[in-house]
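One letter stands for each residue in the lines below.
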Amino acid sequence: MKKSIAIAAVAAWMILGFVSGTPLFAQAPDMDAPAFTLPDLAGKKFSLADHKGKPVLIIFSTTWCPYCRTEIPKFKEIYNTYAQKGLVVVNVDSQEPRDKVAKFAEKYKLPYRVLIDEEGDVAESYGVRGVPTMVLIDGKGKILCFQCRSVDSSLKKIFGNP
């Protein structure tokens, strides 16, 4: 009986993690952020290493995700509030062709750089299991938060009140 309860509990935990989009073994805060270089919509390369010394907010998303679309106003607000203070904001679109992503970015007037992760390698290296997923990286290249539910408080700690 106890064994079946334990198995059910583990199964529920795994299902909850999958459904919620929260990775079961997410990147822990204070870990080094995995290095990456990706092209943006214009074909220009973005390398995380080029932004050492600045905090970086990575938004992992897709064009087909309805929740990603509803979060766009929040992402734009973060960008409009903190980019001029030094926050680098990038959207990493996973496993979709550039043309589709370009149309999406134009339609929603995304003000931040949109990067193309066609194979999904960068999302995989970050342990992304659902979208949208935000990852905040400090100027030293350490992950401050993963699946940042309180990104506003983390940004206020870095930059002060807007």
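It should be emphasised that the depicted structure is a prediction, and the values quoted were computed from it without experimental measurement. (Residues numbered from 1 in each chain as written. Predicted model: local features only at pLDDT ≥ 70, side-chain atom pairs only at ≥ 80, totals over all residues. Heavy atoms only, no water.)

### Regarding the state of the cysteines
The full count for this structure, using the stated rule, is one disulfide. Between the sulfur of cysteine 145 and that of cysteine 148 lies a disulfide, 2.1 Å long from S to S. Its S-S torsion of about 105° marks the bond between cysteine 145 and cysteine 148 as right-handed, since a negative value means left-handed. You'll find cysteine 145 and cysteine 148 in the same group, each marked buried. (Disulfide = S-S within 2.5 Å. Buried < 20%, exposed > 50% of the residue type's maximum accessible area, 1.4 Å probe, protein only.)

### Some words on the pairing of strand S3 (residues 56-61)
In summary, the side chains of a regular strand alternate between the two faces of the sheet. Judged by how many residues are buried, S3 sits mostly within the fold: six of six residues are covered. Here six bridges tie S3 to strand S4 (residues 88-94), and the two strands are oriented parallel to one another. If you follow valine 56 over to S4, its bridge partner there is valine 88. Each parallel crossover has a hand, and for S3 linked through helix H2 (residues 66-82) to S4 it is right-handed. Across five bridges, S3 lies against strand S6 (residues 133-137) in antiparallel orientation. Following the sheet pairing, phenylalanine 60 is matched in S6 by threonine 133. (Helix = DSSP H or I, 4+ residues; strand = E, 2+ residues; numbered from the N terminus. Pairing = 2+ DSSP bridges. Right-handed = clockwise from strand over helix to strand, strands pointing away.)

### Things to note about the sheet that holds strand S5 (residues 113-117)
Each strand in a sheet pairs with another by means of backbone hydrogen bonds, the pair being arranged parallel or else antiparallel. With respect to topology, five strands assemble into an open sheet ordered S5-S4-S3-S6-S7, the strand pairing being mixed. Of all the strands in the sheet, just S5 and strand S7 (143-146) have a single pairing partner and so form its edges. For this sheet the average axis-to-axis angle between neighbouring strands, irrespective of direction, equals 20°. Along the sheet face, helix H5 (residues 151-159) touches S3, S6 and S7 and points at about 15° away from the line of S6. (Axes fitted to C-alpha atoms, helices over the stretch in contact; angles between N-to-C directions. Contact = heavy atoms within 4.5 Å.)

### Considerations on the layout of surface pockets
In this model, the largest pocket occupies a volume close to 300 Å³. Along the walls of the largest pocket sit 15 residues, with Thr62, Trp64, Ser94, Gln95 and Val131 positioned nearest its centre. For the lining of the largest pocket, the class distribution of residues is six nonpolar, five polar and four charged. For the second largest pocket, the calculated volume is near 210 Å³. (1 Å grid on protein atoms, 1.4 Å probe; cavity = no way out; pocket = protein on both sides within 12 Å on 5 of 7 lines; lining within 4 Å. Points joined across faces, edges and corners; volume = space filled by probe spheres on them. Nonpolar A, V, L, I, M, F, W, Y, C, P; charged D, E, K, R; others polar.)

### Here's the deal with the packing of H2 against H5
At a minimum axis separation of 12 Å, H2 and H5 run at an interaxial angle of 5°. The angle between the axes of H2 and H5 places the two elements in the roughly parallel class. Facing Lys74, Ile78 and Tyr82 of H2, the residues of H5 in contact are Val151, Asp152, Leu155, Lys156 and Phe159. Here the residues of the contact of H2 with H5 are counted per class, giving five nonpolar, no polar and three charged. (Parallel < 35°, antiparallel > 145°, perpendicular 65-115°, else oblique.)

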